[in-house]
Structure formats: structure tokens, C-alpha cells
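# Structural features, examined
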Amino acid sequence: MDIIEQTTLADLWEQDRTSDYSIDSTRLLVQETADSFKKTFEASDSDFYNSQIFKNLWSKKITYLGNKEQVNTIDKLTNTLDRLQQGELFEFDSGVSEQDTHIVFSNGSFHSDEKRSHFKKYNIWSGGWKSGTVWQAYSSLLEYVNTMPGILASRLSNSVEVLNINDYNYINRLTLTSETVLSNEASINNYKIDPVDPILDTGIYIVRINRNTSADIKEIHHDIKKLFCNQWIYVVDYGATLKLSREILQTEGVIDNLKIIQYPNSTVEIETRDRGNQWRNVDILAYQDTETIVNGSVLLKNYSSANFVDVHHMGGNGNSSIKYNSAIYNTNVGNFIGKVQVDKKAVGTKSVMNNKNLLVDPGAKAVSKPILNINTKEIECSHGCTTSKIPEEEIYYLESLGLDKTNAKAIIANGHIQL
Amino acid sequence: MEFRNFKVTIDNKLIVKDFNYTLSDGTTLVIIGRNGCGKSTLAHAIMGRDDIDVEGKILLDKENILELETFERARKGLFVSWQTPPEIAGVTAFGLIRDVKKVSGKDMGAELTKYKQLLEEVELPSDWAQRQVNVGGSGGERKRAELVNLSSVNPDIAILDEIDTGLDTNGLKMVSEIINKRRENGKVNLVITHNKNLLEHLDFDGGFVFQNQLLLDITSQEVKNILEHGYN
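Residues numbered from 1 in each chain as written. Chains lettered and ligands numbered in written order. Predicted model: local features only at pLDDT ≥ 70, side-chain atom pairs only at ≥ 80, totals over all residues.

### So, the overall build of chain B
Helices and strands together make up the secondary structure of chain B, namely eight helices and 12 strands. For 232 residues, the compact-globule formula gives about 17 Å, and the C-alpha radius of gyration of chain B, at 18 Å, lands near that figure. Each principal axis of the C-alpha atoms in chain B carries an extent, and together these give about 50 × 40 × 30 Å. Counting every position in chain B, which comprises 232 residues, the buried fraction comes to 42%. (Helix = DSSP H or I, 4+ residues; strand = E, 2+ residues; numbered from the N terminus. Rg over C-alpha atoms; globule rule 2.2 N^0.38 Å. Buried ≥ 20, exposed ≤ 12 C-beta atoms within 10 Å, placed from the backbone.)

Structure below.
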């Protein structure tokens, strides 16, 4: 029982703890980078960390299982992962691959719930404790880990998980989920303890969609006993397409940072379904001739949430569209901060940003900040945000068809958040 | 349905006073009156809109429906077609009726087929089912959609508020046929209109004219005469 530690993310952040299992040089780098970020962040009065939902999640009592339990997990995983052939990060195209479409992420690992096959579709590789290659690659991406939750996830995880998608001929469809489906899966879910506070599930996940490859990925967080704190990095190579659907089902909260690096001629479409109790930052770096679509459907019945979206156009002729529609109940607060940055050389950028909030109940609140940071000419950028109540006329129309007020409001709210 | 000393006011303005009448099953009555006299207000007073004050009683199955919420009146078989039905973004036309009728699971397919038949009857395209409620619809299309709701819900008592406006000649005939069929099936229709052309195909049993806050009971011929020659 000595492995259980009652703590909070805030306490873990203060402890400057870095996993014992990482390669020394990388650990040092992670620590140094984290320290420098930490100083900057603590000095700044950022919108990022001022919302109540962030404070709630950051100071929530959690159970940290530490590294000992993770070792057990890794031992189990190793049997499976040993069968995976290692190669150079982002370059290997051989190895045992997956036919299946259901991959579980848990405590620093992707793994599959299906039989492995000979189809060459995905290479899943968990390095960390065996090779420095993944860490080296991760280190090179570390500058993109730029939020407190992202840095904390980086410090607490003992491995970096890399999913390399490189099939030219298929649209690769897969699900990354925190659910464990089969009993023989290696997972932190198999713990023999039943702590009162939610268990911290933290990890770093790198997904690379290689040149001219299409990937259709679904991320699902679902574990009623866990609070998730993750760092995601998606690298979308030249001409590649990423369709990413992000869904949170029942959890004790999700606080994470997503970084997407979009190479020229690539397309990224993100669809987020937010049902509250979450703080998520989506940060996209887009080079020239890219297409970026970020849509959010936010339904806050029992919890508040915060969504940050930052699309940074670094090259010319990029198109981006950001749309978040929220329906907010009770006294919950929906935070949306959207930012579009256009660099000097990003001539020809077209960008639209919209945030529509529907306050279902009188106590509900929406905080909406659209920000444009334009540093060049010959661009078309616009933004709009609206916050409104449900028109009485619409409620009465539905009532006159036989729906009670609660139902009528729910139908209108659900309609409002349709993407 | 029986009106007893029914009185309607809105924003302290008297619309109807001392209305006493008993509606019989299988009747269609036409309600006429000059612009602004309160025909729509009357319709929504019966349906229970919050901002309209009412007095007296409307008895339906021995229950005073004025004491019921709007949705409860609807569930007891009351229906109002709107003169300008609102748009409900993100909610599909069929999705709404599915929720109203609480259709789920295996009954969904049959209900959709039925719904599409109704769309065909009122000459709306079958993809209307998947369109957002009234969003982008023309005046005529919205009226046709109201008729689809009417036929889907199939209420005992329907108040149709200028259901004919925005409809072409074929549309008027189609509306009349739907109302006539309801009448044959023992349903009650209160038809608010200014349009004498609608009456060409409509089988009706008389009507009411608004005069000095009174609803005067008039014959079918009187309805036609007034619409033909004016209220003077």
C-alpha cells in the first residue's frame, strides 16, 4: 500500500518530480525545460489558469500510484511490446503492425485489444525504458509542450508512446481509448486497490501521420475512477490528413494539452465533444497551404469547462476555421478562448472563428475571448461571438407540440451544439 | 370543448369578452376579423401562451384546460398552427416529431416512412425530414411544414392560424382537403383566415367574426359574404 500517495496536481507540480525510469540525459532536459516554463508561467497572469475549472482540477485530491505500479504495468506490457520491432522514430515502416481499430491508452502506453495481424498499418512503439530514440525525438518536440498540464505530464510519465501511421493506400481509422476491454490487457486498471480519490492517469502520446497518409482517429477518455493529465503531440506530415475526434465520457476530469504540427499541404479536422469537467488546450502550428478546422460541441449540464484553441499560421495561403457552440446549464461556466495568429510571411491566410453560447438557465455563464493577432496584409480573418438565452418563442413552440419546458429546452440546447 | 365566460386580454388590452360556446365533434368553423383584432392572440390564449391573460373556463372532458400548462393542453389534443413558425437551429424536422411522439428504436423506420408520405402530401421534398426546423424555409414551406406537424400529431382540436398565407392555388386546395378529412374523422378545426379562395374547397359549418371584443356566431354564408364584401 506504500505506493499510494494522496496528492493533487498542484502538489506534484511543486515537487519537481521527474520519472525515475527515463533516460538520464532526457530527464535532465525535461526537468530544465519544465523549470524554465514554470518560471515564466508562474510570473504571468495568464487566462489559461484563471478559470475555476482549472483551479478545481488542479487542486483536486487524487491518488498518485507513482512508478512502482507502473512497473507492473510495463512488465505486462513488455511481453506484448517485445514482439514489436523497434526502428528509427518516424522513419521505420516495417515491424509488427495492426489491423485493428481499437487501441487503448493507459498510463503511458498505447496497446491493442485485438489480435495482431500481418497488415502493415500502424507501428506502435513504446520506448522509454529501452531506448533513447523516442526520448530524443520527444526532446526535440519538447519546446511545443507549453502548458502546466503538458509539462507535468511530461515529468510524471516514464515512457513516451509513439504511434506512427504510414499507409498510403488506406484511410486509417482507429480509436485511442482509455477503456480496457479485455481482461488480459495490461493496464493500470488492473490495480488491486480501490482508492477513495481518483487515480491520476498521465502520459505523453506522439502520433505521427506520415506523408500523404490519411488518418481518422478517435480519442476517448472513459474511466470513472480516473483524472487524466496528458500531453498529446500530433505531427501531420506533408500532404497528410488528420481527422481527429475527441470525446470525453465519464471521468473524474480531463486536463490536457494537444499540440499539432501541420506541415505544408496538410489538412487537420478536429471535432471535440465537451461535456464538462475538462480543461483542454489545442495549439496548432500551421505551415503554408494548410487546411485547419477545429469544431467544438460543448454541453455543460453538471460541470464547467475551458477550451483554448490557438491556430498559428506560420506560412502563406493557410485556411482555418474555428467553431465552438456551447449550451450551458445551471450555474456552470463555459470558457472559450480562441486565438488566430498570422505571421508576417503568412500572406493569403483566410481564417474564420466563431463562438456561440446558449445560456439555458439564468445562472449559467459564458466567458468568450476571440483574439486575432495579425502581422501581415492581404489576409481575410474574421471572428464573432454571441451569448444568448433561449428565445421564449422557441420554447413555447415546442411546448405547443406537447413537450414540457425541460424537454423543450434540452432539445433546443442539443440542437444548438450540433456541429 | 366548451367555452364559459371566456375573456382574453394582452398588455391590458381587451381582446375577447364573454365568449360562451360549445364546439361539437366533426366541425370546422372559420374565424374572421379585421387586422389586429386579436385572432392570433385568441388562438394562443387557448393554447396557453404565458404573456396572455385569460379568465373564465374552457372545459375539455370536464377539465378546465386554462389551469393546465401549454404542453398539457397539447397532450389533451389541442394544436395551434403558427402564422410565423420559428426556426429551431440544429434540430431536424423529423427529429422534432420523433421527440414529440416519443418514437424510438424499432418504430423509427415506420414513423419516418409515414412522415415522408405526409411531406409528399403537402408537396415538400423528402429531405425536409432531415432539414433543421424551418431554417431557411420560405413562408409557404413553413406553412406546409405546419400541416405536416398537424397530420403527424393528429390532434382532436386544431386552431389553424392563417395556414393559407403564402400558399398557391394548389396549396389552398391541399389545405382544404386535409381539413375536410379531419372533419370527416370527427375532429374539430378552427380556421383563422382572410382568404375567401380557401373557402371554395373547404367544408365548414359556420364561423365567428370579431366585433367590439365579441366573437359573434355567424353562418357559413355570412362568413363568405364578409370576406367577399368587407367588414362594413
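Next comes the rest of the write-up.
### A short note on the overall build of chain A
Across its full length, chain A carries eight helices and 21 strands. Relative to its 419 residues, chain A shows a buried fraction of 50%. Here the analysis covers contacts within chain A between residues at least 6 apart in sequence; of these, 84% occur between residues at least 24 apart. (Contact = placed C-beta atoms within 7 Å.)

### Considering helix α1 (residues 39-47) of chain B
Residues and elements named next belong to chain B. Counting buried residues along α1, eight of its nine residues qualify, which places the element largely inside the surrounding structure. Restricting attention to buried positions, one finds in α1 the residues K39, T41, L42, A43, H44, A45, I46 and M47. Phi turns positive one or two residues past the end of α1, at G48, with a value near 100°.

### Notes on the interface of chain A and chain B
The interface of chain A with chain B comprises 15 residues on the first partner and 18 residues on the second. The element that contributes the greatest number of residues to the side of chain A that touches chain B is helix α7 (residues 392-399) of chain A, accounting for five residues. Of the residues belonging to the side of chain A that touches chain B, the class tally is six nonpolar, five polar and four charged. (Nonpolar A, V, L, I, M, F, W, Y, C, P; charged D, E, K, R; others polar.)

### Regarding the confidence of the model for chain B
A residue-level look at chain B finds 100% of positions with pLDDT of 70 or above and a mean pLDDT of 94. At the level of chain-chain contacts, confidence expressed as ipTM amounts to 0.97, with global pTM at 0.85. (pLDDT = per-residue confidence, 0-100.)

### Observations concerning the nonpolar core
Residues and elements named next belong to chain A. Counting residues in hydrophobic clusters, the biggest one holds 156 residues, and the most contacted among them are L152, V236, L242 and I328. Here this core gets eight residues from one element, more than from any other, and that element is strand β10 (residues 226-236). With residues up to four places along the chain from it excluded, the contact list for I328 reads L300, G334, N357, L358, L359, V360, A364, K365 and A366. (Core = buried A, V, L, I, M, F, W, Y, C linked by C-beta atoms within 7 Å.)

### Focus: the environment of B:I15
All names here are of chain B. Residue position: I15 is located in strand β2 (residues 13-22). The spatial distance from the C-alpha of I15 to the C-alpha of A45 is 10 Å, given a sequence separation of 30 residues. When near neighbours in sequence (up to four residues on either side) are disregarded, I15 contacts V8, T9, I10, G38, T41, L42 and Q213.

### Considerations on the packing of helix α4 (residues 108-121) of chain B against helix α5 (residues 139-153) of chain B
All names here are of chain B. One can describe the packing of α4 onto α5 by two numbers: an axis separation of 9 Å at closest approach and a directional angle of 135°. On the basis of their axis angle, the class for α4 and α5 is oblique. Judged by the sense of rotation from one axis to the other, the crossing of α4 with α5 is right-handed. Residue-level contacts link Y115, L118 and L119 of α4 to V148, S151 and S152 of α5. Taken together, the residues of the contact of α4 with α5 break down into four nonpolar, two polar and no charged. (Axes fitted to C-alpha atoms, helices over the stretch in contact; angles between N-to-C directions. Parallel < 35°, antiparallel > 145°, perpendicular 65-115°, else oblique. Left-handed = near helix turned anticlockwise from the far one by under 90°.)

### Focus on the pairing of strand β1 (residues 2-10) of chain B
All names here are of chain B. Taken together, the seven bridges between β1 and strand β4 (residues 52-60) define a ladder with antiparallel strand orientation. Counterpart to T9 in the pairing with β4 is D53. Judged from the six bridges that link them, β1 and β2 form a sheet pairing that is antiparallel. Residue pairing across strands places F3 opposite Y21, the latter belonging to β2. Counting the residues in the hairpin turn of β1 and β2 gives two residues, including D11, whose phi is positive at 50°. (Pairing = 2+ DSSP bridges.)

### Brief notes about the sheet that holds strand β3 (residues 28-32) of chain B
All names here are of chain B. Spatial strand order, β6-β9-β10-β3-β11-β12: six strands in an open sheet with mixed pairing. Edge positions in the open sheet fall to β6 (78-81) and β12 (214-218), since each of these has one partner strand only. This sheet shows a mean twist of 20° between the axes of neighbouring strands, independent of strand direction. Where β3 lies against strand β10 (residues 188-192), four bridges are found, and the strand directions are parallel. Residue pairing across strands places I31 opposite I192, the latter belonging to β10. Each of β3, β9 (157-161) and β10 is contacted by helix α6 (residues 169-184), which is oriented at about 150° to β10, the strand it contacts most.

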